[in-house]
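Each chain, letter by letter, is given below.
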Amino acid sequence: MPYGDAMNARVRSEERRAEIVRAALEVIAERGYRGASLAAVAERVGLTQQGLLHYFPTKEALLVAVLKERDQWDAVPATQWRIDLLASLVEYNAMRPAIIQTFSALLGESVTEGHPARGYFTDRYRQVRESMAAVLRTEYGDSLPNGLTPERTAPLLVAVMDGLQYQWLLDPDSVDMPGAFRDFLALLGEEA
């Protein structure tokens with residue numbers, strides 16, 4: 001196969017994989033991971049299940065691709081996070097409910113024994129807590145105005161962000177996610 005044809009085939013394959021990942025995000029958001037089937041994803045993109053397996057040989061492989069894609073949207077080098085950027089992230093999340101719904105559904109399911117995303121979320125939350133502790137240490141030093149260390153405050157910060165997402169997803173008209181997060185930052189000693 002000539003080089004140009006091979007490149008075109010590779011680009012088409014990557015575009016098709018991206019299309020499948022977007023469809024999987026939608027199906028998982030609607031049905032959860034356990035309720036999502038490869039057949040449903042394949043149908044959304046006009047493939048047979050066998051055709052989908054050409055791109056993703058297992059449901060777990062597709063899940064990993066979905067999670068990696070989602071992480072790319074929020075990618076900020078850990079050394080560049082600041083408190084004000086966290087507030088911006090919450091505002092950004094409020095503009096993409098389907099992504100937040102998918103993430104939340106997968107997170108909720110991942111706490112069960114044997115779930116294929118359990119390790120991913122365990123590692124991710126460890127890294128997020130470490131990153132948040134570093135953000136807090138940069139902002140406040142070894143002790144926040146409330147007397148807690150950055151390491152003791154980081155899990156609380158993450159819990160507030162995730163908890164607000166769940167409340168907002170359930171009742172978006174009653175929960176001002178960005179406003180509530182700014183209120184939390186005020187409790188930390190930040191200006192709202």
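This write-up is about the structure you can find in this document. All values derive from a computational prediction rather than experimental measurement. (Residues numbered from 1 in each chain as written. Predicted model: local features only at pLDDT ≥ 70, side-chain atom pairs only at ≥ 80, totals over all residues. Heavy atoms only, no water.)

## Quick word on the environment of A24
Tracing the backbone shows A24 in helix α1 (residues 3-35). Relative accessible area serves as the criterion here: at 2%, A24 is assigned to the buried category. For the pair A24 and K59, spaced 35 residues apart in sequence, the C-alpha separation works out to 9.8 Å. Residues in contact with A24, not counting those within four places in the same chain, are V41, L62 and V66. (Helix = DSSP H or I, 4+ residues; strand = E, 2+ residues; numbered from the N terminus. Buried < 20%, exposed > 50% of the residue type's maximum accessible area, 1.4 Å probe, protein only. Contact = heavy atoms within 4.5 Å.)

## Section: helix α9 (residues 177-188)
When the terminal C-alpha atoms of α9 are compared, their 17 Å separation across 12 residues agrees well with the 16 Å that a helix rising 1.5 Å per residue should span. Within the span of α9, buried status applies to M177, P178, G179, F181, F184, L185 and L188. Contact partners of the buried residues in α9: α5 (83-93), α7 (118-140) and α8 (150-170). One or two residues past the end of α9 sits G189, with phi positive at roughly 110°. (Expected span 1.5 Å × (residues − 1).)

## A few points about empty space enclosed by the protein
Gaps left between atoms show up when a probe the size of a water molecule is rolled over them. Under the definition given, this model contains two cavities of 30 Å³ or more. Within this model, the largest cavity holds a volume of roughly 60 Å³. Forming the walls of the largest cavity are A24, I28, Y33, A36, S37, L38, V41, K59, L62 and L63. At the level of elements, α1, α2 (38-44) and α4 (59-73) are the ones that each hand at least two residues to the lining of the largest cavity. Its residues assigned to classes, the lining of the largest cavity comprises eight nonpolar, one polar and one charged. Estimated volume of the second largest cavity: approximately 30 Å³. Only α4 and α6 (97-110) provide two or more residues apiece to the lining of the second largest cavity. (1 Å grid on protein atoms, 1.4 Å probe; cavity = no way out; pocket = protein on both sides within 12 Å on 5 of 7 lines; lining within 4 Å. Points joined across faces, edges and corners; volume = space filled by probe spheres on them. Nonpolar A, V, L, I, M, F, W, Y, C, P; charged D, E, K, R; others polar.)

## Points about the pattern of salt bridges
Tallying each qualifying case throughout the model produces nine salt bridges. Of the charged contacts in the structure, one is a salt bridge between R44 and E30, with a shortest N-O distance of 2.5 Å. With R44 in helix α2 and E30 in helix α1, this residue pair connects regions lying 14 residues apart in the sequence. Linking R82 and D84 is a salt bridge whose minimum nitrogen-to-oxygen distance equals 2.8 Å. Looking at R82, the relative accessible area reads 44%, which means it is partly exposed. Residues joined by salt bridges that share partners form a network here, namely E26, E30 and R44. (Salt bridge = Lys/Arg side-chain N within 4 Å of Asp/Glu carboxyl O.)

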